[in-house]
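# Structural features, examined
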Amino acid sequence: MIRRWATDFGLGMRLALGGGGVRTAWARLALTAVGVGLGVVVLLTATSLPHMLGARADRSAGRAAVAGAVEGVDPVYAVVRNDEFRGSGLQGYLVQPTGPRTPAVPGVGRLPGPGEAVLSPALAALLQSPEGELLRPRFAQRVIGTIGDAGLTGPNELYFYVGSATVATQPEAVTVSGFGGSPVRRGLDPLELLLVVVGATTCLVPVFVFVVTSTRLAAAARDRRLAALRLVGADRGQVRRIAAGEALLGSFAGLVVGGALFLLVRALVPRITVSAFRGGIFAADVLPDWHLGVPALLALPLLACAAAVFALRRVVVEPLGVVRRGTRVRRKLWWRLLPAVAGGVLLAVRAGAGDALDPAVIAGVVLVLTAVPLVLPWLVERVAGALHGGSPAWLLAVRRLQLDSATAARLVGGIAVVLAGSIALQGVYARAESDRPPPGDVQVFATAFAANLADVEAFTTALHALPGLGGVPVETRGLVRTAAGERKSVVVAPCAELAIAGCRDGDVYAEGPGAPGPGERVSFTTGGNPQWTVPVDRYHVRAGEGSALLVTPGALGTTTSAGLSSNARIPDAGPDVVERVRNVVGWNGAVASLGTERDGTYALITRVLSVGSVLVLLLAAGSLLIAAWEQLRERRRSLAALMANGVGRGVLARSLVWQLAIPVAVAVVVAVLAGLGLDWLLLTLVVHRPVAVDLATIGVLTATAAASVLFVTAVTLPALWRTASLEQLREE
């Protein structure tokens, strides 16, 4: 039995390589391999995500500072700096070594001392390019080396270690004895989990639809060959095994093509510089998880064989495929709706669970999306059967759909799944956006740390020297620690800003409860010993609930290590102004944009899903294009016969448009209904949120589907002109 099965499979593979002519067979095999290969690329990339995220997290944790003391290691004062340049993240550490035995840092030979810097390769290249002109003032230090891959999350990350002699005086400074901690990660809320589940399903379910479509290319020619085999004595089981062998060869070729394309993608990934990837991805990180990848890849040949055998259920019943040319059996609807009903029941059963990672919720999403390509053939058949009349191009298209609506439905099945998933995804995304509080007014908030009044004056002078910022107010604050260990706030401002009657420079005003008393010795938070004595003769008490002390500059005198911070709010700042403000602040402070903050995890999820949706959409367009080319090649004789009988090329082109437009229109209707229904099930039953319909996004997605028809038609027109040639009427 095993030998007979192997012989039948081998015969199917030989027919796939030579049936219908060598050139035709190889063209058919190439189209199938490319179609399956595209699906393999998506599967391998998707199964690489756990390793990519894990490798990035490990390297990020490996460079995290660990506070404390370790014997044999000279501690380092360190401050984390999260900055940006032109919208790109710019992160790193300010460090101040206390001795030569500095702690080891991944990817760094030695930590820089004051006036030195170690930069990532991408940051060093940016500083040397014309685009980094506004960034160079922040990195005037001598570069002593670059950060290796072990110390970066991606090849394009802008990361640094800058040495400074004033790190210890900054309020955020910590004493570091090593690098290599565990970053704290917050969990995902229910809406974010839904984004992940729906997005991943939308990206993966179409892959299997495309694989089934690709393995059924040239179905008419294969059916004729198999019917001929029935005529010479092959039984039905043998014919099914031969058909499975043909599909198996195409799927194996697709695995090879997909593996080669994946290696190409893997090599090109480090060159991707879009912000969605947060510093890019190392090629070594794009490594499929074989626990997920191997079963998925093994499932592809099995799926191809199952699709080929299933397609023969009503084709090769009698020799020469008589049933195909006879009365067609109308498709049944009831079993095609079973996945949608089962998915809805699973989601309804888990109502109130609030866990998007529940296997029942995931299975429900998969089943609802799987029902879309199953319902399409039935609906396209009914719509095509109801169409009558019209222009010659319309009649040709309608008649073709009436004769073979299943092929057209398979062509647009992948696009329908992507569209349905995208609509559901955008519905969850719109709900998440509406749940977030609206942003406030956009402002730039600059903070510069100062050790004394001279630093405050230097910052104020430099800030006011920038174009358009001469009148920006600067507020100076600090924290002092009393003898009892309590921390109290201090505001340092001239009398003109305090607006207190009778104020003179050198006065101190106590406000609020617990303010330090006259003559009390206090220290600023960055120092352990008392650094300032509250004046006695110029001390005043006034009613208020604000800061503990209002101090005029003369009261501080020449106090050093004061640990002050000068703050300035800059409204309506342009990109260049913001970068110049960052240069003025330098590394002894921070600049942030208020009113534009977004949660990092949420932003990463939406960016990755957006990129994944685009890739799957490209896969859908590519599969549609491949299938359209195969249909033209399969119908070359009938098209040539139409040309010979006087049908113009314009009529054929318009007929091709209608043949794609009608199924796409049906697919759009099904996808919109399925997407909105899935959106309602998820939001209402799983996370208990009202449905938020984004009509503008649905319109854009629908227009994208229509544009795919026009694109495929335009690209296949040259092939149509070659196919509709009278030379195609010749016998080979």
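Before reading on, note that the structure itself is shown above.
Residues numbered from 1 in each chain as written. Predicted model: local features only at pLDDT ≥ 70, side-chain atom pairs only at ≥ 80, totals over all residues. Heavy atoms only, no water.

### Topic: the overall build of the protein chain
The helix and strand inventory of the protein chain stands at 20 helices and 17 strands. Expressed as a percentage of its 732 residues, the buried residues of the protein chain come to 48%. Counted over contacts in the protein chain with a minimum sequence separation of 6, partners at least 24 positions apart contribute 82%. As presented, the protein chain carries roughly 33200 Å² of accessible surface, and 63% of it is formed by carbon and sulfur atoms. (Helix = DSSP H or I, 4+ residues; strand = E, 2+ residues; numbered from the N terminus. Buried < 20%, exposed > 50% of the residue type's maximum accessible area, 1.4 Å probe, protein only. Contact = heavy atoms within 4.5 Å. Areas by Shrake-Rupley, 256 points an atom, 1.4 Å probe, with all protein chains shown as cover.)

### Considering the packing of aromatic side chains
In total, this model carries six aromatic pairs according to the counting rule given. On the basis of an interplanar angle of 85 degrees and a centroid distance of 5.7 Å, the ring pair of Tyr-93 and Phe-179 is categorised as edge-to-face. Here Phe-179 lies in strand β7 (residues 174–179) and Tyr-93 lies in strand β3 (residues 88–97), a separation of 86 residues in the sequence. Seen in terms of ring centroids, Tyr-161 and Phe-179 are 6.4 Å apart; in terms of plane orientation they differ by 85 degrees. Their pairing is edge-to-face. Here Tyr-161, found in strand β6 (residues 159–163), pairs with Phe-179, found in strand β7; they are 18 residues apart in sequence, far enough to count as distant. Assigned by exposure class, Tyr-161 and Phe-179 land together as buried. Ring pairing ties together the aromatic residues Tyr-93, Tyr-159, Tyr-161 and Phe-179, which thus form one cluster. (Phe/Tyr/Trp six-rings, centres within 6.5 Å; stacked < 30°, edge-to-face > 60°.)

### Some thoughts on the sheet that holds β6
Across the sheet, which stays open at both edges, the seven strands sit in the order β1-β7-β2-β3-β6-β4-β5 with mixed pairing between neighbours. In this open sheet, the two strands that pair with only one neighbour each are β1 (65–67) and β5 (142–146). Strand after strand, the sheet turns through a mean of 40 degrees between neighbouring axes, direction not considered. Bridging between β1 and β7 involves three bridges; their strand directions are antiparallel. If you follow Ala-67 over to β7, its bridge partner there is Val-176. (Pairing = 2+ DSSP bridges. Axes fitted to C-alpha atoms, helices over the stretch in contact; angles between N-to-C directions.)

### A closer look at the nonpolar core
Core analysis: the biggest nonpolar cluster contains 34 residues, and Val-372, Leu-376 and Leu-678 have the highest contact counts within it. Every element with two or more residues in this core is listed here: α4 (190–215), α10 (359–386), α12 (405–435), α19 (649–686) and α20 (695–723). Of the residues forming this core, the biggest block, twelve residues, is contributed by α19. With sequence-adjacent residues up to four places away left out, Leu-376 is seen in contact with Ala-409, Val-412, Gly-413, Ala-416, Val-666, Ala-667 and Val-670. (Core = buried A, V, L, I, M, F, W, Y, C linked by side-chain atoms within 4.5 Å.)

### Structural notes on helix α3 (residues 121–128)
Turning to α3, its buried residues number three or more, namely Ala-122, Leu-123, Ala-124, Leu-126 and Leu-127. In this fold, the buried residues of α3 make contact with β2 (76–85), β3, β4 (116–119) and β6.

### Brief notes about the state of the cysteines
Tallied over the entire structure, the rule returns one disulfide. Between Cys-495 and Cys-503 runs a disulfide, and the two sulfur atoms are separated by 2.0 Å. Negative torsions about the S-S bond denote left-handed disulfides, and the value of about -65 degrees found for Cys-495 with Cys-503 makes this one left-handed. What makes Cys-503 buried here is its relative accessible area of 15%. (Disulfide = S-S within 2.5 Å.)

### Comments concerning a nonpolar patch on the surface
On the surface, Leu-287, Trp-290, Val-294 and Leu-298 cluster together into a nonpolar patch covering about 380 Å² of accessible area. Position of Val-294 among the secondary structure elements: in helix α7 (residues 290–310). Under the relative-accessibility criterion, Val-294 is labelled partly exposed at 36%. (Patch = residues over 30% accessible without salt bridge, like charges linked within 9 Å, V, L, I, M, F, W, Y side chains within 5 Å. Salt bridge = Lys/Arg side-chain N within 4 Å of Asp/Glu carboxyl O.)

### Overview of the packing of helix α9 (residues 338–349) against α10
Contact geometry of α9 with α10 gives a least axis separation of 7 Å together with a crossing angle of 160 degrees. For the element pair α9 / α10, the angle class is roughly antiparallel. Where α9 crosses over α10, the handedness of that crossing is left-handed. From α9, Pro-339, Ala-340, Ala-342, Gly-343, Gly-344, Leu-346 and Leu-347 reach across to α10, where they touch Ala-360, Val-361, Ala-363, Gly-364, Leu-367, Val-368, Ala-371 and Leu-374. (Parallel < 35°, antiparallel > 145°, perpendicular 65-115°, else oblique. Left-handed = near helix turned anticlockwise from the far one by under 90°.)

### Concerning the pairing of strand β12 (residues 521–524)
Bridge count for strand β9 (residues 475–481) against β12 is two bridges, and the pairing is antiparallel. Bridge assignment links Val-480 to a residue of β12, and that residue is Phe-524. Bridge analysis of β12 against strand β13 (residues 532–533) gives two bridges, and the strand direction is antiparallel. Directly across from Arg-521, in β13, lies its bridge partner Thr-533.

### A word on the pairing of β3
For β2 and β3, the ladder comprises ten bridges, and the chain directions are antiparallel. Within β3, the residue paired with Asn-82 across the bridge is Gln-91.

### A few points about the environment of Thr-559
Looking at where Thr-559 falls in the secondary structure, it is placed in the loop between α15 (553–556) and β16 (564–571). Take Thr-559: its relative accessible area is 13%, and that puts it in the buried class. In the structure, Thr-559 is positioned 27 residues away from Trp-532 in sequence and 6.7 Å away in space, judged by C-alpha atoms. Each residue touching Thr-559, except ones within four places of it in the same chain, is listed here: Ala-451, Asn-452, Phe-524, Gln-531 and Trp-532.

### Looking at the side chain of Thr-476
Tracing the chain through its elements places Thr-476 in strand β9. Residue classification places Thr-476 among the buried residues on the basis of a relative accessible area of 5%. A polar contact of 3.3 Å, which involves the side chain of Thr-476, links it to the side chain of Ser-566. Leave out the neighbours within four places in its chain, and Thr-476 touches Val-456, Val-490, Val-491, Val-492, Leu-564, Ser-565 and Ser-566. (Polar contact = N/O pair within 3.5 Å; in protein donor to acceptor, adjacent residues only side chain to side chain.)

### What to know about helix α11 (residues 392–403)
Here α11 contains twelve residues, and its C-alpha end-to-end distance of 16 Å stays within 8% of the 16 Å for a straight helix at 1.5 Å per residue. Residues Ala-393, Trp-394, Ala-397, Val-398 and Leu-401 constitute the buried set of α11. End-on, the buried residues of α11 take up no more than an arc of 125 degrees, which puts them together on one face. (Expected span 1.5 Å × (residues − 1). Arc of directions from axis to C-beta.)

### Regarding the pattern of salt bridges
This model, assessed by the stated rule, comprises eleven salt bridges. In this structure, Arg-101 and Asp-74 form a salt bridge, with 3.3 Å as the shortest nitrogen-oxygen distance. One end of the pair, Arg-101, is in the loop between β3 and β4; the other, Asp-74, is in the loop between β1 and β2, with 27 residues separating them in the sequence. What makes Arg-101 partly exposed here is its relative accessible area of 48%. Using a relative accessible area of 12% as the deciding quantity, one classes Asp-74 as buried. Ionic pairing is found between Glu-475 and Arg-477, a salt bridge with its closest N-O pair at 2.9 Å.

### A short note on the environment of Leu-152
Counting through the fold element by element, Leu-152 comes out in the loop between β5 and β6. C-alpha separation for the pair Leu-152 and Pro-106, spaced 46 residues apart in sequence, amounts to 8.6 Å.

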